[in-house]
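Coordinates in review
The chain contents come next:
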Amino acid sequence: MAFSLMGAAFQPPIVCNIKNNYNNNNSYSLEANHIRRAAEIADKSAGFTSPHPNFGCVIAKGVNIVGEGFLYAQGTKCAELQAVEAARELSNGATAYLNMEPGDCHGDQTAVSALIKAGISRVVLGIRHPLKHLRGNAIRSLRSEGVQVDVLGEDLQSQSIEEALKSCFLVNAPLLYRAASRVPFSVLKYAMTLDGKIAASSGHAWWISSKESRHRVFEIRGRCDAIIVGGNTVRRDDPKLTARHGGGHTPVRIVMSQTLNLPEVANLWDVSEVRTIVTTQRGARKSFQKLLASKGVEVVEFDILNTRSVMEYCYDRGYLSVLWECGGTLAASAISSGCVHKVYAFVAPKIIGGKNAPTPVGELGMVEMSQALNLIDVSFEQIGPDMLVTGFLQPIPDLTPVIPSIDETSAIDPSLTPYEASIKFFYKTWDPYGAFSNFSAHPLQMPDGNGGYLTWPSVEHYYQAHKFAGVDEPVAKDCVEQIKSAKSPEEAARIGRVLQRKHPNLVRSDWDTAKIEVMYRALKCKFSIYPHLNSMLLSTEGSVLVEASPHDLFWGGGREGEGLNYLGRLLMQLRSEFLGEPSTSISQ
C-alpha cells in the first residue's frame, strides 16, 4: 500500500507473511482509534521541555483502554512504563499501542522490558524509529521475546490505518524532518490584513491580529526550540518573543543581522529568563559584539551569514523545530533556500491598503502564477475574528526504506569495518553514545553530607543544584530544592541557569574551581552503579571522547573544536581508572 502524506509517497517494504489475525474492517478501525489516542497523548509533552521525541503508549483489551502514558521529556519515566503501571495486572495478555517505536538510547531498554515483564502479548506500532541507530532495535527485541509486533502500513493496511499513520507522522514531524534532512523542522508564522499587509506604510503593526490569535502564537512558540527574527524586526518592533503559555519550555531567541546595526537597548538583550543568540557576519562591529556579550547575549559569527547556514547551525545545536517570525525580506530568503517547511498565516478581517506597506513575503523572483508555491495538506481554523490558514511547503520526508544494518553489510562484504573512527562524539541523549551525556536518564544516589544519601534524577540535576549547595541562605536552599524537583534534566538545567543569572550572589564562591569535581563525582557514581553504562564506556577504549555541543566551550568541544571538552576529558579519565590504567587527573 503506497499512500501520500502531504505530497510524499510512502511505499512500505513488501511483506511476504501476511497476518490474518486482524483482517476485518472493525478491528482495523479499533486499532486505528487506539493508535490515534497514543499520538494524541504523545502530543501532550510538546511545549514543556524540548527537544525530545513525542512518545505515547495506550494499553487496551479490545475496546477498553486499561492504561496509558506519555514521555514528558528525555530523561523522565518512559511512556510504556507509565502505561504498564497504570494498567497493573490488566497488562497481562493485553495489546500495547505506540505512536512510534521505542528509542532506548541508553542500553537499558526500559520501555521494551516494561512491556515484556508486564505480559503484553502484542504491540502495534505507528512508525519505526526514524534514527538509523535505533530503527528496528525495539521491534527485534520484542519479537525475540515472543511478542507479536505489527507496524502500521506494513502489517496492517486500510483507509483507517492510513489516517492513524498520518497522525503518527504529524506528532513527530520535527524529529522525522531532522532525521532525514539534517536541518530542523522550520515553520514560518505571520499575521496579515485581508489585503495582505503585515504593517501600515509607516511601519506600525500593533495589532493586526486578535488577542485570541496572539494567544495561539504563544502556544506555537512554546512548541519550538528557537525563534528567528531579522534586524528590521528588532529595530521596528522591539519584541520580547516569549512563550507566555504556562509551560516549562521557552524557546531560544535568534537574531540574524549581517551588519549588527541594532539598538543598544532592546527587550531581546534581557536574558534573565530566556537566552538570546545574535548571528552575524564575521568581523561585524566588534565593539557592539562586546557590548552584547557583556549583557549575556551570545554572538555567533559566520563567514557568510544566510538562512541555510543558520539552519545548519541550529541543527548542530540539537534543535528539532525552529519558528521564523521575521519580516518579508528574511522570509523570502528562508523560503528560497528551502528552509521553510510549514506556514501559519493569521488573516485578520481588516484592510489597511498602502502601496508601500510591507507584505509577509518579499521578492521570490517569480513572474508567472504557475510558479507560485502551493501549500499541501491545507487546513482552516477560525480564531476569534481571524482565520488561521496552515499548510506545508515541503512534505515530511519518506523514511520507509530500510537501509541494511552494519551487521548485514559486513556479512555481504567482510572487508567493511564501519567503526574505525578514533573519535566518539556524543551530545544529545538520542545519539549512539547519548548515555555519556550528563542529561541521560540515570538516577544517582549521592552522599548528603550527614551520613545518608540523596537520590538525584540525573547528573545534570546534581550538577546544577550544587551551584547553590552549602550556601547558608534560605533562598539558596530553595534553589536547590527547585532544581532537585525538576521533572527532567533539561528543566533542571533551565532552572539552574536562570537562578544563577537572577541570584549570582547566592552561587557558592568556589564554584568556578569546584564545578569539575562536582561533575566528576556525579559521573563516577553514574558509571559505577550502571553496569551497561560501564561496559559502554570501556568499549570506547583507545578512542577520544568528545562532547559535541557547539556552544558550550567549557564542557563541550565547541563548534569548530575550540572548546575545552571537559566532559569528554572526565569520561576518559574515568575510563582509565576503570581499566586500571594510570591517568592524569583533571579534577580539582
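It should be noted that the structure appears before, not after, this text.
Just so we're clear, the structure is a prediction, and the values are computed from it rather than from any experiment.

1. Comments concerning helix 15 (residues 489–502)
Over its 14 residues, helix 15 extends 20 Å from the first C-alpha to the last, a length consistent with the 20 Å expected when each residue adds 1.5 Å. The complete set of buried residues in helix 15 reads P489, E490, E491, A492, A493, I495, G496, V498 and L499. Packed against the buried residues of helix 15 are helix 13 (459–465) and helix 14 (474–484).

2. Examining the side chain of Q289
With respect to the helices, strands and loops of the structure, Q289 is situated in helix 9 (residues 286–294). Here the side chain of Q289 touches A284 through a polar contact of 2.7 Å, landing on its backbone oxygen. The contact partners of Q289, leaving out residues within four places of it in the chain, are L260, T280, G283, A284, V299 and E301.

3. What to know about the nonpolar core
Among the nonpolar cores identified, the biggest contains 97 residues, and I59, V123 and W324 are the most heavily contacted of them. Leave out the neighbours within four places in its chain, and W324 touches S186, V187, L188, K189, I228, M256, T307, M311, L330, A334 and C339. Y463, V471, A476 and Y530 belong to the second largest nonpolar core, which has 43 residues in total.

4. As for the pairing of strand 7 (residues 148–151)
As judged from the four bridges shared by strand 6 (residues 122–127) and strand 7, these two strands associate in the parallel manner. Across the sheet, residue V123 finds its bridge partner in strand 7, namely V149. Note that the unit made of strand 6, helix 4 (residues 137–144) and strand 7 has a crossover that is right-handed.

5. As for the pattern of salt bridges
Overall, the coordinates contain 23 salt bridges when judged by the stated rule. The salt bridge involving R122 is made with E31; its shortest N-O contact spans 2.6 Å. A residue pair is termed long-range when its members are at least 10 positions apart, and R122 in strand 6 and E31 in helix 1 (residues 25–42) qualify at 91 residues. With respect to burial, R122 and E31 carry one shared label: buried. The shortest N-O distance in the salt bridge between E85 and K77 comes to 3.0 Å. For E85, a relative accessible area of 41% puts it in the partly exposed group.

6. A few points about the packing of helix 16 (residues 511–529) against helix 18 (residues 566–579)
Relative to each other, helix 16 and helix 18 sit at 50°, their axes nearing to 10 Å. The angle between helix 16 and helix 18 falls in the class oblique. Crossing handedness for the pair helix 16 and helix 18: right-handed. For the pair helix 16 and helix 18, contact is made by I516, M519, Y520, L523, K524, F527 and S528 and by Y566, L567, L570, L571, Q573, L574, E577 and F578, respectively. Of the residues belonging to the contact of helix 16 with helix 18, the class tally is eleven nonpolar, two polar and two charged.

7. Description of the pairing of strand 12 (residues 298–302)
Pairing of strand 11 (residues 276–281) with strand 12, which is carried by five bridges, proceeds in the parallel orientation. Its bridge partner lying in strand 12, T279 is registered against V300. Handedness of the crossover joining strand 11 and strand 12 through helix 9 is recorded here as right-handed.

8. What to know about the sheet that holds strand 9 (residues 226–230)
Taken together, the nine strands give an open sheet; going across it, the order is 12-11-10-9-13-8-14-16-15, and neighbouring strands pair in mixed fashion. Each of the sheet's edge strands pairs with one partner strand only, and the pair in question is strand 12 and strand 15 (376–383). Across the sheet, the axes of successive neighbouring strands diverge by a mean angle of 20°, strand direction being ignored. Bridge analysis of strand 9 against strand 10 (residues 252–256) gives five bridges, and the strand direction is parallel. For G230, the partnering residue across the bridge sits in strand 10 and is M256. This element, helix 9, spans strand 11 and strand 12 of the sheet and lies at about 145° to strand 12.

Quick notes on the rules
Residues numbered from 1 in each chain as written. Predicted model: local features only at pLDDT ≥ 70, side-chain atom pairs only at ≥ 80, totals over all residues. Heavy atoms only, no water. Helix = DSSP H or I, 4+ residues; strand = E, 2+ residues; numbered from the N terminus. Expected span 1.5 Å × (residues − 1). Buried < 20%, exposed > 50% of the residue type's maximum accessible area, 1.4 Å probe, protein only. Contact = heavy atoms within 4.5 Å. Polar contact = N/O pair within 3.5 Å; in protein donor to acceptor, adjacent residues only side chain to side chain. Core = buried A, V, L, I, M, F, W, Y, C linked by side-chain atoms within 4.5 Å. Pairing = 2+ DSSP bridges. Right-handed = clockwise from strand over helix to strand, strands pointing away. Salt bridge = Lys/Arg side-chain N within 4 Å of Asp/Glu carboxyl O. Axes fitted to C-alpha atoms, helices over the stretch in contact; angles between N-to-C directions. Parallel < 35°, antiparallel > 145°, perpendicular 65-115°, else oblique. Left-handed = near helix turned anticlockwise from the far one by under 90°. Nonpolar A, V, L, I, M, F, W, Y, C, P; charged D, E, K, R; others polar.

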